[in-house]
Amino acid sequence: MSDSGGGSHKSSTTKPSVFGLNLYLVIAICSVFILLISLLIFLFVCLNRVSRARRMRVKHSSGSIPLVSKEISEIKTVGKFINSDDSKGKIGNEVVVVVSATSKEATSGFDTLSVASSGDVGTSEAMGWGKWYSLKDLEIATRGFSDDNMIGEGGYGVVYRADFSDGSVAAVKNLLNNKGQAEKEFKVEVEAIGKVRHKNLVGLMGYCADSAQSQRMLVYEYIDNGNLEQWLHGDVGPVSPLTWDIRMKIAIGTAKGLAYLHEGLEPKVVHRDVKSSNILLDKKWNAKVSDFGLAKLLGSETSYVTTRVMGTFGYVSPEYASTGMLNECSDVYSFGVLLMEIITGRSPVDYSRPPGEMNLVDWFKGMVASRRGEEVIDPKIKTSPPPRALKRALLVCLRCIDLDSSKRPKMGQIIHMLEAEDFPFRPEHRSNQERSK
Ligand SMILES: Nc1ncnc2c1ncn2[C@@H]1O[C@H](COP(=O)(O)OP(=O)(O)OP(=O)(O)O)[C@@H](O)[C@H]1O
């Protein structure tokens, strides 16, 4: 008995062991190990953050465009952009960026936009987008914003030619720096244009936002052959260099730029100020639509937005003028007026003409209705277009200015109509006409 009792006492006092080691010792070793691992992870995360912040500063001080990275989620931007991870274009409030061009027309290379960390260029300047220019960069490139470098002046400010030391040229739009409105427009414009690349749209290369000097500037690609208004209404002599074919090339290029804004982007962009001075031209007469200062992004679910009317007299659609209701159909109307201007060489509103001819749309409609279509052609066009081509262009004009905005064609359809040799003479179109006789 005493033996068995002694045996049981021995087993109850033996310390627990794992692989022959004392259990408490094992627990202690594991705890120290876990603690060390946690410490290492913590140190790794801290070091990573410091080096990332340093990398961002270096990129911005050199003015280059930082690449989009996965670190994006920690960076705040001022607006809503298409998230690069989602080509269908969900809107994200923080984070950037880039546009996957959905249109075939889009040129490549818009995969380099990213963001600035808010500490890099000052909080209010941290637009989180594109290439940032310092005021000094732009002062040097424009020779101190000299009159010699001034290209022109518009409603938003003065435009200067900028020649950079690497040989590149840009157009710098120095926005009127009254705070509030100008800053608001600046942000709208940067957000709207920044992500868009298309051969028929003037590309935004970057911006300058210097709070200390209250300066806001946009830096665009430089387009070297003036604007359409100058070529249509400027002093070009009795014969315009803009032949019928060149005019149609400009019209189709403009339509392609607008179609990309309306149909190739998500959310779509309505230009809101389609007019001849906003169509820039290169030496090969390629059209480049400029000035998205009035553009607003429309959400995909939104068919229109209400806003104050900001277009240009003569081009603004009746429904936009009267209600402020805006959607891409308003741009189509303005495009119709622009096409009339291209065909006729007349301004949308011209008080120097006789009363019945002051308003281009009314005069044009009257002329076409009374079968005097050939008479509307700009007398400065030396060689008249073939009757079919003329009829095609006239018909597009009329369809674009339909008072019922829902009946106006989409910009994509307009391109097809202007390009199609057989429009409006397709067999089915003819047989429909014959049937209705
Ligand atoms: N990217 C550019 N390249 C070359 N010239 C340009 C560029 N952007 C604008 N310009 C020229 O600068 C001048 C002013 O242009 P801006 O867009 O500011 O005004 P606008 O279009 O004439 O008027 P608004 O501001 O009412 O639209 C115009 O002559 C225009 O052709």
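All figures in this text were calculated on a predicted structure; none of them were measured in a lab.

Looking at the pairing of strand 10 (residues 215–221)
Alright, step 1. The buried count for strand 10 comes to 6 of 7 residues, which makes it a mostly enclosed element.
Alright, step 2. The pairing of strand 8 (residues 169–175) with strand 10 spans 5 bridges and is antiparallel. Bridge pairing in strand 10 places alanine 171 opposite tyrosine 220.
Alright, step 3. Pairing between strand 9 (residues 204–210) and strand 10: 6 bridges, direction antiparallel. Following the sheet pairing, cysteine 208 is matched in strand 10 by methionine 217.
Alright, step 4. Between the end of strand 9 and the start of strand 10, which pair antiparallel, lie 4 residues, with serine 214 showing a positive phi angle near 55°.

Digging into the packing of helix 6 (residues 244–263) against helix 8 (residues 328–344)
Alright, step 1. Interaxial distance between helix 6 and helix 8 falls to 11 Å at its minimum, and their mutual angle equals 170°. Considering their axes alone, helix 6 and helix 8 lie roughly antiparallel with respect to each other. Between helix 6, through Trp244, Arg247, Met248, Ala251, Thr254, Ala255, Leu258 and His262, and helix 8, the contact on the second element is made entirely by Glu328, Asp331, Phe335, Leu338, Leu339, Ile342 and Ile343.
Alright, step 2. Its residues placed into classes, the contact of helix 6 with helix 8 shows 10 nonpolar, 2 polar and 3 charged.

Focus on the packing of aromatic side chains
Alright, step 1. With the rule as written, the count across this model stands at 3 aromatic pairs.
Alright, step 2. Residues phenylalanine 145 and tyrosine 160 carry aromatic rings whose centres are separated by 5.2 Å and whose planes lie at 70° to one another, so their mutual orientation is edge-to-face. Placement of phenylalanine 145 in the loop between helix 3 (135–141) and strand 6 (150–154) and of tyrosine 160 in strand 7 (residues 157–163) is noted, with a sequence separation of 15 residues between them.
Alright, step 3. With 5.0 Å between their ring centres and 80° between their planes, tryptophan 231 and tryptophan 285 make a pair best called edge-to-face. Of this pair, tryptophan 231 sits in helix 5 (residues 228–233) while tryptophan 285 sits in the loop between strand 12 (279–281) and strand 13 (287–289); the two residues are 54 residues apart in sequence, bridging distant segments of the chain.
Alright, step 4. Judged by its relative accessible area of 23%, tryptophan 231 falls in the partly exposed class.
Alright, step 5. Tryptophan 285 gets classed as buried once you look at its relative accessible area, which sits at 15%.
Alright, step 6. Against the face of tyrosine 222 rests arginine 161, its NZ or CZ located 5.0 Å from the ring centre.

Calculation rules
Residues numbered from 1 in each chain as written. Predicted model: local features only at pLDDT ≥ 70, side-chain atom pairs only at ≥ 80, totals over all residues. Heavy atoms only, no water. Buried < 20%, exposed > 50% of the residue type's maximum accessible area, 1.4 Å probe, protein only. Helix = DSSP H or I, 4+ residues; strand = E, 2+ residues; numbered from the N terminus. Pairing = 2+ DSSP bridges. Axes fitted to C-alpha atoms, helices over the stretch in contact; angles between N-to-C directions. Parallel < 35°, antiparallel > 145°, perpendicular 65-115°, else oblique. Contact = heavy atoms within 4.5 Å. Nonpolar A, V, L, I, M, F, W, Y, C, P; charged D, E, K, R; others polar. Phe/Tyr/Trp six-rings, centres within 6.5 Å; stacked < 30°, edge-to-face > 60°. Lys NZ or Arg CZ within 6 Å of the ring centre and 35° of its normal.

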